[in-house]
Each structure stands twice: as C-alpha cells, then as structure tokens.
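What follows is the residue order along each chain.
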Amino acid sequence: MLRRSFALVTTALAVGAGVIAGAAPASAAPAPAPAAVVTLTYDDSLAAEFKSAVAQGAANWNASVTNVRLVKAASGQRVNIRVIADNGWPRATLGPVRPTGSGTVWFGREAVNDGYNVVRIITHEFGHSLGLPDRRTGLCSDLMSGSSAPVSCANALPNATERAQVQRNYASALVAQPAQTTILVDAA
Ligand SMILES: [Zn+2]
C-alpha cells in the first residue's frame, strides 16, 4: 500500500514537471517563481464596537497563510471586504474575494449576545471571504464549524485543512473572479 502510494505521488510529480518544463528533462526545469501575495483590503468604518476584534481576525489569517493578506484600507483606497455591524446573525459573502472584487461581512450581534467569542466570529466570517464554506462539525478546533461548536469555544485560528484550502484558493492569480452572490448566514 505504501509502495503504491509512492508510485502515485511520483507520477503526479512527473506530470507537474512536464507541464512546467515541456519536453525538457525534469532536472532542467527552472525553479518555479514564488507565488505572488494577494492583498485584500477591509473597511471597518461601520464595524462599530467590533473594530479591535476585526483587526485581530485579520491578524489571525495573516499569521496562518502566506499568499493572501488582509489589511485595513487606507482612506480613499479600494475596499475589497466591508465589515458592517448589525443586529442580525453574523453572515458573509462567500469568496474567494479577489483584489478586483468585493464582499461583505456582517458582524451580527445575535451571536455576540448569545455569548460566542467575537474574535472567533470575525475570523470565521473572514474565512468565508477567503472562500471557505461552513463545516458544522461541532468541533472547536475547526474554525469553520462556527456556532455548531460550543458557545464557550474561543479558538479563533484556522486548522491545517482550512489553512491549506485558503492557500489553494489564492495559489494562482489566474483564477477567474467568481460571482460573489452567495451569502452564508451563521445562525446558531
Ligand atoms: Zn459561517
């Protein structure tokens, strides 16, 4: 079984090298250029009492992935993700948002009033902006389990699988901008 897995991996690598190098031997292939880092701006001017939580949520993603960064928009700069506090459930446009696109996160107070951790809420919603769907596993170790995890859950960092998915979502600048019309509502 191990041997078979190894053979499959070798085949996949050979195919990948062939794509890069054409007919040249794999050993002659140039090292691939480092992937460009995508910068997405967010606007917190309507985030009311949640601005520090929003900043922490962005920092959590910036510490977790390497090819996309969330930065607060400077005055007059194009905004990719608007964060709006309201009295509904937290919800967000499903991305992945591209630098030419936009999405919205609603920082709904329903979940805050129920006692859910505010930094976990916004990091989860930014996860939607970055293209992660909900996975209601009930596990606190899963960021995208959202409110299916216990109210007491304070984990606000994506797990390895979630990080890897975001890395894949931003692995290529050539990916087309999807129509971002799906809004995921995080009702408890
Ligand atoms: Zn969600």
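No experiment lies behind these values; they were computed from the predicted model shown.

A. Local environment of the packing of helix α2 (residues 51-62) against helix α4 (residues 118-129). Their axes nearest at 8 Å, the elements α2 and α4 cross at an angle of 55 degrees. The angle between α2 and α4 falls in the class oblique. By crossing handedness, the relation of α2 to α4 is classed as right-handed. Contacts from Ala53, Val54, Gln56, Gly57, Ala58, Asn60 and Trp61 of α2 reach α4 at Val118, Val119, Ile122, Thr123 and Phe126.

B. Just the nonpolar core, in detail. Grouped together as the largest cluster of nonpolar side chains are 33 residues, with contacts concentrated most on Val54, Phe107 and Ile122. Those elements that place two or more of their residues in this core are β1 (38-46), α2, β2 (68-72), β3 (81-86), β5 (103-108) and α4. When residues in this core are grouped by element, the largest group, five residues, is from α4. Each residue touching Phe107, except ones within four places of it in the same chain, is listed here: Ala47, Phe50, Val83, Ile84, Ala85, Pro90, Ile121 and Ile122.

C. Fine view of helix α5 (residues 160-169). Residues Glu162, Val166 and Asn169 constitute the buried set of α5. The buried residues of α5 occupy one face: seen down the axis, they fall within an arc of 55 degrees. Seen from the open side of α5, the exposed residues pointing more than 90 degrees away from its buried face are Ala160, Thr161 and Ala164. On the buried face of α5, the contacting elements are β2 and α4.

D. Layout of the pairing of β3. Taken together, the three bridges between β1 and β3 define a ladder with parallel strand orientation. Along β3, the bridge assignment pairs Asp43 with Arg82. In terms of strand pairing, β3 meets β5 through six bridges, oriented parallel. Residue pairing for β5: Ile84 is matched across the bridge by Trp106.

E. Structural detail: unusual backbone geometry. Cis geometry marks the peptide bond from Gly95 to Pro96, where omega comes out at 10 degrees. In this structure, Pro96 sits in the loop between β4 (91-93) and β5. Its identity as a non-glycine residue notwithstanding, Ala48 has a phi of 50 degrees, on the positive side.

F. Fine view of α2. If you check α2, its first and last C-alpha atoms are 17 Å apart, about what 12 residues at 1.5 Å a residue would give, namely 16 Å. Buried within α2 we find Ala53, Val54, Gly57, Ala58, Asn60 and Trp61. Along the axis of α2, the buried positions cluster into a sector of 155 degrees, meaning they face one direction only. Where the residues of α2 are buried, they touch β1, β2, β3 and α4.

G. Molecular detail of the environment of Thr66. Following the sequence through the fold, Thr66 ends up in the loop between α2 and β2. Residues Thr66 and Val38, 28 residues apart in the sequence, show an inter-C-alpha distance of 9.2 Å.

H. Looking closely at the sheet that holds β5. Ordered by their spatial adjacency, six strands build an open sheet running β2-β1-β3-β5-β4-β6, and the pairing between neighbours is mixed. The strands lining the two open edges of the sheet, one partner per strand, are β2 and β6 (183-185). In this sheet, neighbouring strand axes are inclined to one another by 20 degrees on average, regardless of whether the strands run parallel or antiparallel.

Rules behind the numbers
Residues numbered from 1 in each chain as written. Predicted model: local features only at pLDDT ≥ 70, side-chain atom pairs only at ≥ 80, totals over all residues. Axes fitted to C-alpha atoms, helices over the stretch in contact; angles between N-to-C directions. Helix = DSSP H or I, 4+ residues; strand = E, 2+ residues; numbered from the N terminus. Parallel < 35°, antiparallel > 145°, perpendicular 65-115°, else oblique. Left-handed = near helix turned anticlockwise from the far one by under 90°. Contact = placed C-beta atoms within 7 Å. Core = buried A, V, L, I, M, F, W, Y, C linked by C-beta atoms within 7 Å. Buried ≥ 20, exposed ≤ 12 C-beta atoms within 10 Å, placed from the backbone. Arc of directions from axis to C-beta. Pairing = 2+ DSSP bridges. Expected span 1.5 Å × (residues − 1).

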